[in-house]
Amino acid sequence: MKILMNLLILLLFLPCLTFAESKGQEKVGEVLGNDVYRSQITAQDGYKLHMELHSIFTRPVLKKYMEKYEEQIQPTQQEIDHFVAFYQKKHEEEIKGKKDQMVEEIEIIKNKLKNTTLSKEERENLEIDLMGKEMDLKGPGKSFAMFVLPHWKMQLHFYQNFGGGRILWQQRGIEAFDAMHTWLNTQEKNGKFSITDKKLRDAFYHYWTTMDHGAFITVDQQRINDEFLNPEWKLLK
C-alpha cells in the first residue's frame, strides 16, 4: 500500500529528467512537449516499471501543477502551529503518569554513556535508544506536522477539484484515490503528457484500474468526512 506515497515523494524530489536524442529511437510518448523514447524506460514490468513511468510522465506535470497552486496546497504557519499544539496536548495526555519514569530511563542511559570502556557497538546502541526515548518524551512536534499536512492539503485539493470519489488509506495518510486518477486523465486529455504504447499506458494506470486495494479503499461518505475532509486536528476557519 506504499506505492503512491513513495511515488509522490520521488516525483517531487528527483532531479529533472533528461530527454534522449531522437535519432534512431522509438518514441513512446510525450511530456510537456518533450518526446519520450523507449530507451529511457529500463524496467520491464511490475512496481519498478510503474515508478519509472510516473517519474518520466507524471513528475514534470505534477511539479508544474503544484507550482501553479502552491498557495492552496502548502500548509500555512497557522495550520502548522495548530496541528503541533493539538498533537502536543494529545501527547501530554498520553504520557501523563509515565513522564517521571521516562525521564528516569533517559538519565540512566546518559549515565551509561559516560562509561569510557563501552565498545563502539554498545555506544551506538545506547545512543539510538536514547534518541528514541527522548522523542517519546518530547512528542511529535513540527516534523510530524510537515510529514502529514502537505500531503493532506495536496490530496484535499485533488478531492475538491477533481470529482471527489473514493479515498484510500496509505502509510502517510489518506489519498484522494479517484480524484488523483481523474487529475491524471485530465492532464492527459489536455496534452500535458501522452503514452502511445498501450502496454506502457496500462502499466501507468494499473494502480487505479486493475490493482486490488481491498479494505483500504472506501466510498463511505461519513468516514470520508470525519477522517479526511474534517479530521480532528483540522484548523477551523
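Residues numbered from 1 in each chain as written. Predicted model: local features only at pLDDT ≥ 70, side-chain atom pairs only at ≥ 80, totals over all residues. Heavy atoms only, no water.

Time to look at the nonpolar core. Membership of the largest hydrophobic core comes to 47 residues, with the highest contact counts inside it found for Leu53, Phe57, Phe158, Trp183, Phe193, Phe204 and Phe228. Ile95, Leu118, Leu126 and Leu137 belong to the second-largest nonpolar core, a separate cluster that totals nine residues. (Core = buried A, V, L, I, M, F, W, Y, C linked by side-chain atoms within 4.5 Å. Buried < 20%, exposed > 50% of the residue type's maximum accessible area, 1.4 Å probe, protein only.)

We note that Leu32 has phi near 50°; this positive angle belongs to a residue other than glycine. Residue position: Leu32 is located in the loop between β1 (27-31) and β2 (34-37). Given a relative accessible area of 33%, Leu32 falls into the partly exposed group. (Helix = DSSP H or I, 4+ residues; strand = E, 2+ residues; numbered from the N terminus.)

Glancing now at the sheet that holds strand β5 (residues 193-195). Across the sheet, which stays open at both edges, the three strands sit in the order β2-β1-β5 with antiparallel pairing between neighbours. Strands with a single pairing partner mark the edges of an open sheet, and in this sheet they are β2 and β5. Taken over all neighbouring pairs, the strand axes of this sheet differ in orientation by 25° on average, direction set aside. In terms of strand pairing, β1 meets β5 through three bridges, oriented antiparallel. By the bridge assignment for β5, Val31 is matched with Phe193. Along the sheet, helix α9 (residues 198-209) makes contact with β1 and β5, crossing β5 at roughly 120°. (Pairing = 2+ DSSP bridges. Axes fitted to C-alpha atoms, helices over the stretch in contact; angles between N-to-C directions. Contact = heavy atoms within 4.5 Å.)

For the rest of this paragraph, the subject is the sheet that holds strand β3 (residues 167-169). Whether parallel or antiparallel, the strands of a sheet pair through hydrogen bonds between backbone atoms. Ordered by their spatial adjacency, three strands build an open sheet running β4-β3-β6, and the pairing between neighbours is antiparallel. Across the chains shown, the open sheet's two edge strands, defined by having one partner strand only, are β4 (174-175) and β6 (217-218).

Attention shifts here to the pattern of salt bridges. In total, this model carries 15 salt bridges according to the counting rule given. One salt bridge connects Lys133 with Glu105, and the closest N-O pair in it is separated by 3.5 Å. Here Lys133 is found in helix α6 (residues 120-138), whereas its partner Glu105 is found in helix α5 (residues 99-113), with 28 residues between them in sequence. A relative accessible area of 25% places Lys133 in the partly exposed class. With a relative accessible area of 27%, Glu105 lands in the partly exposed category. (Salt bridge = Lys/Arg side-chain N within 4 Å of Asp/Glu carboxyl O.)

By the secondary structure assignment, Glu52 is in helix α2 (residues 46-68). No salt bridge is formed by the buried Glu52. Its closest oppositely charged neighbour is Lys48, at 8.6 Å. If near-sequence neighbours (up to four positions away) are discounted, Glu52 is found in contact with Gln40, Ile41, Thr42 and Ala43. (Lys, Arg positive; Asp, Glu negative; His and termini not counted.)

Turning to the confidence of the model for the protein chain, a few remarks are in order. Residues with a pLDDT of 70 or more make up 90% of the protein chain, whose mean pLDDT is 88. Note that pLDDT drops below 50 for residues 1-6; the model gives that stretch 23 contacts with residues more than four away or on any other chain. Counted against residues more than four places away or in other chains, residues 12-21, with its pLDDT under 50, gives 21 contacts. (pLDDT = per-residue confidence, 0-100.)

What follows is about the pairing of β1. Looking at chain direction, β1 and β2 are connected through four bridges and run antiparallel. In the strand pairing of β2, Lys27 is matched with Tyr37. With antiparallel pairing between neighbouring strands as the criterion, β1 and β2 make up a hairpin whose turn holds two residues, including Leu32 at a positive phi of roughly 50°.

Right, let's get into a negative patch on the surface. On the surface, a cluster of negative charge is contributed by Glu121, Glu122, Glu124 and Glu127. Within the fold, Glu122 resides in helix α6. Residue classification places Glu122 among the partly exposed positions, given a relative accessible area of 43%. (Patch = residues over 30% accessible without salt bridge, like charges linked within 9 Å, V, L, I, M, F, W, Y side chains within 5 Å. Areas by Shrake-Rupley, 256 points an atom, 1.4 Å probe, with all protein chains shown as cover. Charge placed at Lys NZ, Arg CZ, Asp CG, Glu CD.)

Before going further, it helps to spend a moment on helix α8 (residues 177-189). A rise of 1.5 Å per residue sets the reference length of α8, with its 13 residues, at 18 Å; its end C-alpha atoms lie 19 Å apart and thus fit the reference within 8%. Those residues of α8 lying buried are Phe177, Asp178, Ala179, Met180, His181, Trp183, Leu184, Gln187 and Glu188. Where α8 ends, the next residue or the one after it, Gly191, has phi of about 80°, a positive value. (Expected span 1.5 Å × (residues − 1).)

Now for the environment of Glu70. Position of Glu70 relative to the elements: it lies in helix α3 (residues 70-73). When the C-alpha atoms of Glu70 and Met154 are compared, they prove to be 9.4 Å apart, with 84 residues separating the residues in sequence.

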